[in-house]
2 protein chains.
Amino acid sequence: MGYEYDEDTAVEAVSEGRWAATVTDRWSIAGRPNGGYLLAIAGRAAAAALPHPDPVTTSAHFLRPPAPGPVELAVEVVRTGRTLSTAEVRMTQDGAEILRALTTFADLADNPGSVTQLGGPPELAPMDSLLDPPAELPDGSVAEIVRRFTYGVEPALVGWAFGQPTKAGIAQGWLAFADGRPFDSTSLLLVVDAYWPAAFDLGVRGWVPTVEMTAHVRARPEPGPLRVHVRSRFLVGRYVEEDAEVWDSADRLVAQGRQLAMLPPQR
Amino acid sequence: MGYEYDEDTAVEAVSEGRWAATVTDRWSIAGRPNGGYLLAIAGRAAAAALPHPDPVTTSAHFLRPPAPGPVELAVEVVRTGRTLSTAEVRMTQDGAEILRALTTFADLADNPGSVTQLGGPPELAPMDSLLDPPAELPDGSVAEIVRRFTYGVEPALVGWAFGQPTKAGIAQGWLAFADGRPFDSTSLLLVVDAYWPAAFDLGVRGWVPTVEMTAHVRARPEPGPLRVHVRSRFLVGRYVEEDAEVWDSADRLVAQGRQLAMLPPQR
């Protein structure tokens, strides 16, 4: 038996440049597949077509709400260079395009130079001393994706579920795959979106669909759980940005994510 | 006579979905056209094809170094919805694709809801009391783009030009078009990249080409000069991210930019 992530992001060659995959219901929130999960499937299809192994920057525009079920992926190799290569991925479901992504790969094992970090991981208590939240939400819906990970969060940061957001606009904590799968660079496309919307901590309730998400993978993660810091600072009408930083066990920044999402109407 | 920005980002219809433009040398740094300038040209071509007026999120992957001269743009309308519409733009020069972008437009005049800002513009002295740096760089090269804007920066933040970076990783200050053109939403695609690389303030020297840039336009700017805050915090080997925030005269966040750029080798 393989790991859940590997099974659920697997892509199967259909013909030249075309792939099939199945969006399972295991990475959903109230029946809606997670955007980062779709990005990871797209990343795996691109990886199969490009000579470089690591998705250093991936930008996806979400076109229609996805549903669990089969999807098709059309991958175009846009450019192949010595250091960087770029692909475009179009994901369709029932004949309608649900996501279009541009992704540029490199080889992060060949990334010499110094490291400067003007910032560090969030300060967290040990993972097993913190809360691993339940998948069942107070409104009766289920976030299946929560079962796929082990989280470790301060209880105050899930106060929004009980009507008590901290108003700091933060979601953060530890993260590991529940079945123990180690993180690789492509899985970070899912990780940047694996926490709930940080806007919940500002009092937002309801579905916050992603319009566009960009993930930068900065390094291959060292073994061990990750630390994820997600923040939303600017809610303007219907739109909010969400920034994610992902840190590995060596205190290295391994990924950054930024998305633009839509807020529910009538705030 | 029109404004420089309007002249230099103009797109001319060639055929269905195809546009021609001229990349002038007026927005270059040492002969290399600015990435945000190319993004603004792409944004204008997309705007001509989409029913919504404001580029709320635009992601571009830069494929080859551009040069001043003619370019062609192929615009595909990917999806048109009531609230959002998405286009893809491929920019080619001499037959080679130099930039591919995905952009999603909306109507920011129709964006009801409350505004929450957990952050504000940089604190700056009055614009005319600050430095408007020269276009001539200490190494003898010329940054033509600097002539297109009036800047207002603290002298310490251009100390890098004299071997004295502050090491804060910041570029910030006031910004206005030198010829007085007001800013609209599409021009913010240029504004997020109108300052020099913040990595210069960390001691980086040389060309820092953009691999990918995403700009979020959050509101239409009120009249008056903008305040721009640009920051780089993580230099890892060959890659650095750069985050920009743009504020209008009403202290509203009007745009955010994030790019992944390549650092010169041998640091």
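In this report, the structure presented in the accompanying data block is examined. Not measured: the values here are computed from a predicted model.

**What about the overall build of chain A?**
For chain A, the helix and strand inventory stands at 4 helices and 16 strands. Across its three principal axes, chain A shows a C-alpha extent of roughly 50 × 45 × 40 Å. A sequence separation of at least 24 residues applies to 69% of the contacts in chain A between residues at least 6 apart. In the structure as shown, chain A presents an accessible area of about 10,000 Å², 52% of it carried by carbon and sulfur atoms. Each charge class in chain A can be summarised by its mean position, and for the 23 positive and 34 negative side chains these summaries are 6 Å apart.

**Regarding the interface of chain A and chain B**
Facing 62 residues of chain A, the contacting portion of chain B comprises 62 residues. Inspection of the region where chain A meets chain B yields 10 salt bridges. We note a salt bridge from Arg218 of chain B to Glu241 of chain A, for which the minimum N-O separation is 3.1 Å. Connecting chain A to chain B are 41 residue pairs in polar contact (both at pLDDT 80 or more). Looking at the side of chain A that touches chain B residue by residue, the class counts come to 23 nonpolar, 21 polar and 18 charged.

**Quick word on the pairing of strand S7 (residues 85–93) of chain B**
All names here are of chain B. Most of S7 is tucked away: 7 of the 9 residues are buried. Bridge count between strand S6 (residues 69–80) and S7: 8 bridges; the pairing is antiparallel. What sits directly across from Arg79, in S7, is Thr86. Where S6 folds back onto S7 in an antiparallel hairpin, the turn is made up of 4 residues. Relative to strand S8 (residues 96–106), S7 runs antiparallel, the two being bridged by 9 bridges.

**A word on the relation of the copies chain A and chain B**
The transformation that overlays chain A on chain B combines an axial shift of 0.0 Å with a rotation of 180°, and the residual RMSD is 0.0 Å. This pairing of chains is accounted for by a two-fold axis. Every residue of chain A has its C-alpha some distance from the rotation axis, and the shortest such distance is that of Ser59 of chain A, at 3.2 Å. Taken as a fraction of all interface residues of chain A, those also at the interface in chain B reach 100%, which identifies the copy contact as same-surface.

What counts and how
- Residues numbered from 1 in each chain as written.
- Chains lettered and ligands numbered in written order.
- Predicted model: local features only at pLDDT ≥ 70, side-chain atom pairs only at ≥ 80, totals over all residues.
- Heavy atoms only, no water.
- Helix = DSSP H or I, 4+ residues; strand = E, 2+ residues; numbered from the N terminus.
- Contact = heavy atoms within 4.5 Å.
- Areas by Shrake-Rupley, 256 points an atom, 1.4 Å probe, with all protein chains shown as cover.
- Lys, Arg positive; Asp, Glu negative; His and termini not counted.
- Charge placed at Lys NZ, Arg CZ, Asp CG, Glu CD.
- Salt bridge = Lys/Arg side-chain N within 4 Å of Asp/Glu carboxyl O.
- Polar contact = N/O pair within 3.5 Å; in protein donor to acceptor, adjacent residues only side chain to side chain.
- Nonpolar A, V, L, I, M, F, W, Y, C, P; charged D, E, K, R; others polar.
- Buried < 20%, exposed > 50% of the residue type's maximum accessible area, 1.4 Å probe, protein only.
- Pairing = 2+ DSSP bridges.
- Least-squares fit on C-alpha atoms with pLDDT ≥ 70 in both.

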